[in-house]
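# Commentary on secondary and tertiary structure
Residues per chain, in single letters:
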Amino acid sequence: METIRIQYLNDEIEKLKYIDGKSDWIDLRAAEDVELKKGEFRLIHLGVAMQLPEGYEAHIVPRSSTFKNFGVIQTNHMGVIDETYCGPNDWWRMPVYAVRDTVIRKNERICQFRIMKHQPIIQFEEGTLDGQDRGGFGSTGTK
């Protein structure tokens, strides 16, 4: 089991919970009330800063209901935070773009994260591929 040191913005932020057996993604919440007009961009404060274990990074993505509930998309599609982003002012945020007028209230779940080990050092070897050909991009069909 890995241990992660966490700092919360204040006592109003709901504490993070790992829900064993349900999912290994951990929900993150808005740390402030946010009102956005259609077409606006905002970095939404998530109310946490963490010191990840050495050799790990966090992947942050929207929850499956975020677009439906709030009409925002995460502008970088997936955020990556490595273990060097670990100072007392290295607060996690979610960059969003509003496609409609919306309000997100403090402590509403808007994204989720998991930690992953860094990619191992790899070497590329040039040559012709000899695996089975699947037919190119978009070849899995629609049925």
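See above for the structure.
Let us look at the structure shown here.

Calculation criteria
Residues numbered from 1 in each chain as written. Predicted model: local features only at pLDDT ≥ 70, side-chain atom pairs only at ≥ 80, totals over all residues. Heavy atoms only, no water. Pairing = 2+ DSSP bridges. Helix = DSSP H or I, 4+ residues; strand = E, 2+ residues; numbered from the N terminus. Axes fitted to C-alpha atoms, helices over the stretch in contact; angles between N-to-C directions. Buried < 20%, exposed > 50% of the residue type's maximum accessible area, 1.4 Å probe, protein only. Polar contact = N/O pair within 3.5 Å; in protein donor to acceptor, adjacent residues only side chain to side chain. Contact = heavy atoms within 4.5 Å. Patch = residues over 30% accessible without salt bridge, like charges linked within 9 Å, V, L, I, M, F, W, Y side chains within 5 Å. Areas by Shrake-Rupley, 256 points an atom, 1.4 Å probe, with all protein chains shown as cover. Salt bridge = Lys/Arg side-chain N within 4 Å of Asp/Glu carboxyl O.

### Overview of the sheet that holds strand β8 (residues 79-82)
What the 4 strands build is an open sheet, ordered β2-β11-β6-β8; its pairing is antiparallel. Strand pairing shows two members of the sheet lacking a second neighbour, β2 (26-29) and β8, which therefore form its edges. Strand-to-strand twist of the sheet, defined as the mean angle between neighbouring strand axes without regard to direction, takes the value 30 degrees. Pairing analysis gives 4 bridges linking β2 to strand β11 (residues 109-117), with the strands arranged antiparallel. Looking at the pairing, L28 lines up with C111 of β11.

### Some points on the side chain of H59
As for its position among the elements, H59 is in strand β6 (residues 56-62). Judged by its relative accessible area of 14%, H59 is buried. Engagement of the side chain of H59 in a polar contact is seen with the side chain of E57, the distance being 2.8 Å. Apart from residues lying up to four places away in sequence, H59 is in contact with W25, M78, G79, V80, Q112, F113, R114 and M116.

### Side note on a nonpolar patch on the surface
Taken together, F41, L43, F67, I73, Y97 and V99 make up a surface patch of nonpolar side chains, about 530 Å² in accessible area. Secondary-structure assignment places L43 in strand β4 (residues 41-45). On the basis of relative accessible area, L43 is assigned to the partly exposed category, the value being 44%.

### Things to note about the environment of P53
Take P53: it is sitting in the loop between β5 (48-51) and β6. Classification of P53 as buried rests on a relative accessible area of 10%. For the pair P53 and T3, spaced 50 residues apart in sequence, the C-alpha separation works out to 7.2 Å. Leaving out residues up to four positions away in the same chain, P53 has contacts with E2, T3, I4, E83 and I115.

### With respect to the sheet that holds strand β7 (residues 72-74)
With antiparallel pairing, the 3 strands of this open sheet are ordered in space as β4-β9-β7. Looking at the sheet topology across the chains shown, the edges are occupied by β4 and β7. Strand-to-strand twist of the sheet, defined as the mean angle between neighbouring strand axes without regard to direction, takes the value 40 degrees. When β4 meets strand β9 (residues 93-98), the two strands line up antiparallel, connected through 5 bridges. Its bridge partner lying in β9, I44 is registered against M94.

### Points about the pairing of β6
Counted residue by residue, β6 has 6 buried out of 7 residues, so it is predominantly covered. Here β6 runs beside β11; their pairing, made up of 7 bridges, is antiparallel. Bridging across to β11, P62 finds its partner in C111. Looking at chain direction, β6 and β8 are connected through 4 bridges and run antiparallel.

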